[in-house]
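Chain and residue survey
Chain by chain, the residues:
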Amino acid sequence: MDGFVTSKKRKAKQVVGDDDESTDVKLAILSSLHPTINQETLLEFLLAHDGSVQATSGSLKSQTAGLTGISPRKTSSSQVHSQSSLRSWSGSTSTPTPASTSKRAKLLSRKGATLHLFDPEDIRAHTPCTIVHNFLPSDEANSLLVELLQEAQTFEKITFKLFDNVVSSPHTSAFYVETDQELEQQTSEYVYNGGKLTDVRKITPQLLKVKTRVQEAVNREIQERIRTHQGGKKLKHQSPHPWSPNVAFVNCYSGADESVGWHSDQLTYLGPRAVIGSLSLGVAREFRVRRIVPRETDDDDNNADAQGQIAIHLPHNSLLVMHAEMQEEWKHSIAPASVIDPHPIAGARRINVTYRDYREPFNPRHTPRCGCGVATVLRVVQRKKENWGRYFWMCHAGNVPGKDGCAFFQWAEFDDDGNPTTSRSGQQQKQQAKQ
Ligand SMILES: O=C(O)CCC(=O)C(=O)O
Ligand SMILES: [Fe+2]
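Here we summarise the structure given alongside this text. (Residues numbered from 1 in each chain as written. Chains lettered and ligands numbered in written order. Predicted model: local features only at pLDDT ≥ 70, side-chain atom pairs only at ≥ 80, totals over all residues. Heavy atoms only, no water.)

A word on the sheet that holds strand 9 (residues 285-291)
Spatially, 1-10-9-12-7 is the arrangement adopted by the five strands of the open sheet, whose pairing is mixed. Edge positions in the sheet fall to strand 1 (114-117) and strand 7 (260-263), since each has one partner strand and no second. Mean inter-strand twist for the sheet, computed between neighbouring axes without regard to direction, equals 20 degrees. With five bridges joining them, strand 9 and strand 10 (residues 309-314) adopt antiparallel strand pairing. In the strand pairing of strand 10, Arg 288 is matched with Ala 311. (Pairing = 2+ DSSP bridges. Helix = DSSP H or I, 4+ residues; strand = E, 2+ residues; numbered from the N terminus. Axes fitted to C-alpha atoms, helices over the stretch in contact; angles between N-to-C directions.)

Some thoughts on the site of ligand 1
The full set of residues close to ligand 1 is Asn 251, Tyr 253, His 263, Asp 265, Phe 287, His 332, Ile 334, Arg 350, Asn 352 and Arg 356. Measuring from an oxygen atom of ligand 1, one finds a side-chain N or O atom of His 263 at 3.1 Å. Between Asn 352 and ligand 1, the recorded distance is 3.2 Å, taken from a side-chain N or O atom to an oxygen atom. Look at ligand 1: alone it shows 290 Å² of surface, and the protein chains cover 92% of it. The set of elements that each furnish at least two residues to the shell around ligand 1 consists of strand 6 (247-253), strand 12 (330-334) and strand 13 (350-356). Among the elements that take part in the shell around ligand 1, strand 13 stands out by supplying three residues, more than any other. (Near = heavy atom within 4 Å. Polar contact = N/O pair within 3.5 Å; in protein donor to acceptor, adjacent residues only side chain to side chain. Areas by Shrake-Rupley, 256 points an atom, 1.4 Å probe, with all protein chains shown as cover.)

Considerations on the sheet that holds strand 14 (residues 377-380)
Here three strands make up an open sheet; going across it, the order is 14-15-16 and the pairing antiparallel. The open sheet has two edge strands, strand 14 and strand 16 (409-412), and neither has a second partner. Across the sheet, the mean angle from the axis of one strand to that of its neighbour is 30 degrees, orientation sign disregarded. Here four bridges tie strand 15 (residues 391-394) to strand 16, and the two strands are oriented antiparallel to one another. Considered in strand 16, the bridge of Met 394 is made with Phe 409.

Okay, structure coming up:
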């Protein structure tokens, strides 16, 4: 039985190139083992040691002991710099067309280099995001910040399993829902990283009030994006319905060294081509994005940073919209900072609220369950050229410390509006028939 599971797992890996996360995962492990060494240096060492975490870590330990060749974290993620705009030197002030946008982005962000963006027009032109500065009336932003800093005193780090290591997120967070019924469902039915969330809270009156403003602004931004970047049409699998957030994740970064590693947000409850509204409060930090470039071959890891990173600077009271192009094709992170400019209310702390639209067809009651009896996770092929852009459901029960998952894997199909085209029972039957 074990042999069967192992070979099935291997097969799934081959079709989806699931390995694609391994560089990020390896970097996350190395980062937690060597917190003072910046990610670029870790990546260089990892590549030099053929992707072996153990060899990289050993080599880093001996080099840091001898203090040779390693620069401490010296990322430029630091103070809030100011930059007028790229437009001032690129000579263009007009709204870019999709073609000119991607050409400019290619020219400006390069392998190994980080392009720093501050101006909303530059962010719109070079990334799948848009930003609204000074989003809330300032007293509303400040009082939401005060409330969430208070809440964050009891937030916890999320613990999960990476390969055989148990690691915890380098920041704290909590999850907010609107009704008692959702609170009950979230703790009994929903699954994150293979396990149940332990800290689910009822949304606060201020978070709820701000949600209405976020909802209006995000829907406006979506329409604008469709007009300027999507040729007037929603993307294939993008929902045609107005974006209607019903949950919020709140993250707290207590100091410059707290961060979140490279990831794409989980589509499991959002569906394909999801849009997310992300409000930043307190100290300004860098939100880094990079496009995922499909691999030419299975062991081609050199492409991981082929187009370089883009750092979007997120000041207090800014709303970042991650548009429908984002989660499937890009990864994002909050980089550790070497220096920060303290905020008058928050000091070194930053609060981030991501409002999300959990869609009914993606309720775990309707989505496939794996052999462990757990609702599966929805993912997309990001690296493997062959199946690039295809969605699949897979078991994630093995991410819980102390648990092993199963080999469940199933391609996911959606109609043009992003609704699953097969019912759960239909999918389960097909899966059982195949086994
Ligand atoms: O803190 C942020 O701005 C981003 C947080 C994030 O990526 C997430 O919660 O998924
Ligand atoms: Fe995220």
